[in-house]
Amino acid sequence: MNDMDMDIKQNKNQDRHFFSTPIYYVNAKPHLGHAYTSIAADAATRFKQIQGCKTFFLTGTDEHGDKIVQAAQKEKTSPKEYADKISKLFKDLLPCLNIKNNYFIRTTDPDHIKVVKDILSKIYESGDIYFSSYEGLYCFGCERFYQERELVDGKCPDHGTEPEKIKESNYFFKMSKYQEWLINHIKTNPDFIQPEQYKNEILSFLKEPLEDLCISRPKTRLTWGITLPFDDDYVTYVWFDALVNYVSALGYPDGQLFKEFWSSARHFVAKDIIKPHGIYWPIMLKAAGIEIYQGLNVHGFWNIKGSKMSKSIGNVTDPLQVIDTFGLDQFRYFLLKEMVFGLDANFTQETIISRINSDLANDLGNLFSRVLSMNHRYFKGRVQGSDPKIEKDKNLSLASDAETAIDDFQKTMSVCAFNRGLEAIWKFISKMNKYIDTTAPWTLAKDEANIDELATILYNLMEGLRVISCLIYPIMPQTSLKMQKTLCLAKEGDNFYTLEETASWGQIKKKTIIAKPEILFPRIDTGKK
Ligand code: MSP
């Protein structure tokens, strides 16, 4: 082991974090559901960054298989041309969502294809892939065989269509051999599948005997895929190809990124794809002799009027349109506040408007403009600083409330409870709004004798705003920066404050001239008084 490897090994799981989104199918353009997973994973990544960790964030597109062929046929184009076009839409969406990804993988990339073939060869040579004839129920929408017991009223639970009985000779992956190992792995690594209900769902599925996985498709039926390295007549099953992206993107087996980040991998997915991620993927890794990923963070569905938002139902919301109407940080805030990670949530115009007007414009926006306007009115924008004696005697410090907010924020964000992380910040915001009401600076301002007390109050409030600006960074990076620019605290470029820096009270320098506040969040006019 060289020095670099030693260094990586020692820091393992401590200060490196790898987050991924699913790689999205390129059979339709991105919608709000895709945007949510990417934003949630981005917020988790940025949160780790403010904790002082080194991060890697991966997203991309899944481009092989029947679905893509069918979509391309509809548009009278080739699968590759179609994939290029839609993949670009997913890629171009990222900056519009302010996603800081380190890499964008496409399963048609030659490097990825090579890794898929290497892993297949490795597993084939070890004897865990065998050739056999199989008759089963196949759902073309899901591109997989179903067992009777998985169907609902004889129909595919995702597509509501009856699977077709087909008979084929194919290659199979011996998943059954690893069933006991997987159960044990899940049980001994309690945060492997999060939240708990999804871990239980996988464990309950594993109570029944696991069938071997059909990992090939004959070229007579499908050519748009990665040819099996050991049989030219077959392409690889799309999931076996897609899951490998998580390691191929890092340069498996020898890449530096793989060595640095793989052992810390956490995959963000919605509940629709827990089986491939919670069962196939760990078993594939085990069979290929690759370390098992750290964990799976599973969220629920965005629904519209009670049904899952999905391209097949046709009830999708375009994230770009929502951003255009309401603003980017408003959108990011709404998604992360409204959905309890793990459960379903409903998307409606009314709820987003009400969140913007109450939480953002009223609570945070008002606090920001109230404090900075008072600083202008009473001190012409010049920071006076706090008088330690007055602060102590009159119990005016907000430092310990800020500390509580930071602690609660850390605890909740660490487990992807984004809504509770935001609640911790909003509790502090509400504390600050009450502090203004009880200290009534406008009354103190009437008498010159109270000037030091007034300065102390405003200093504490501005420090409170500073802490808020740092904490909202993972969720609303633009607003964080805007607040920091106004407070003359912005770092160069896209830089942020670590939580350790955030927690150090008293950063705003005396004599700084702070500009009049801009409106952070314009109110949305609903026509209601
Ligand atoms: N290509 C596979 C994933 C392969 S990963 C190795 C795939 N693609 S997908 O385009 O169908 O994306 C599914 C994912 O998109 C979900 O797991 C989730 O992350 C996101 N969502 C799609 N619709 C969604 C909702 N209505 N609500 C929440 N997330 C949604 O599956």
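Up top you'll find the structure we're talking about.
Residues numbered from 1 in each chain as written. Predicted model: local features only at pLDDT ≥ 70, side-chain atom pairs only at ≥ 80, totals over all residues. Heavy atoms only, no water.

The next subject is the overall build of the chain. Per the secondary structure count, the chain includes 21 helices and 16 strands. C-alpha atoms of the chain, sized along the principal axes, occupy 90 × 60 × 40 Å. Contacts in the chain between residues at least 24 apart in sequence constitute 78% of all its contacts with a sequence separation of at least 6. Surface accessibility of the chain: about 23,300 Å² in total, with carbon and sulfur atoms responsible for 49%. When the 67 basic and 69 acidic side-chain charges of the chain are each reduced to a single mean position, those positions are 4 Å apart. (Helix = DSSP H or I, 4+ residues; strand = E, 2+ residues; numbered from the N terminus. Contact = heavy atoms within 4.5 Å. Areas by Shrake-Rupley, 256 points an atom, 1.4 Å probe, with all protein chains shown as cover. Lys, Arg positive; Asp, Glu negative; His and termini not counted. Charge placed at Lys NZ, Arg CZ, Asp CG, Glu CD.)

Quick look at the layout of surface pockets now. Its volume calculated, the second largest pocket comes out at about 470 Å³. When its residues are assigned to classes, the lining of the second largest pocket shows twelve nonpolar, eight polar and four charged. Residue contributions to the lining of the second largest pocket reach at least three from each of two domains, namely domain 1 (3-299) and domain 2 (349-528). (1 Å grid on protein atoms, 1.4 Å probe; cavity = no way out; pocket = protein on both sides within 12 Å on 5 of 7 lines; lining within 4 Å. Points joined across faces, edges and corners; volume = space filled by probe spheres on them. Nonpolar A, V, L, I, M, F, W, Y, C, P; charged D, E, K, R; others polar. Domains from an automatic or database assignment.)

A few words on the packing of aromatic side chains. With the rule as written, the count across this model stands at 30 aromatic pairs. With a centroid separation of 5.4 Å and 90° between ring planes, the pair formed by Y171 and Y234 is classed as edge-to-face. With a gap of 63 residues between them, Y171 in strand β6 (residues 164-173) and Y234 in strand β11 (residues 231-236) connect regions that are remote in the sequence. The exposure classification of Y171 matches that of Y234, with both residues buried. Where Y252 meets F258, the ring centres are 5.2 Å apart and the plane angle is 75°; that geometry is what we call edge-to-face. Of the two residues, Y252 and F258, neither departs from the other in class, the shared state being buried. Through pairs of rings, three or more aromatic residues link up here, namely F18, F56, Y246, Y252, F258, F261, W262 and W281. Over the face of the ring belonging to F301 we find K308, whose NZ or CZ atom lies 4.4 Å from the ring centre. (Phe/Tyr/Trp six-rings, centres within 6.5 Å; stacked < 30°, edge-to-face > 60°. Buried < 20%, exposed > 50% of the residue type's maximum accessible area, 1.4 Å probe, protein only. Lys NZ or Arg CZ within 6 Å of the ring centre and 35° of its normal.)

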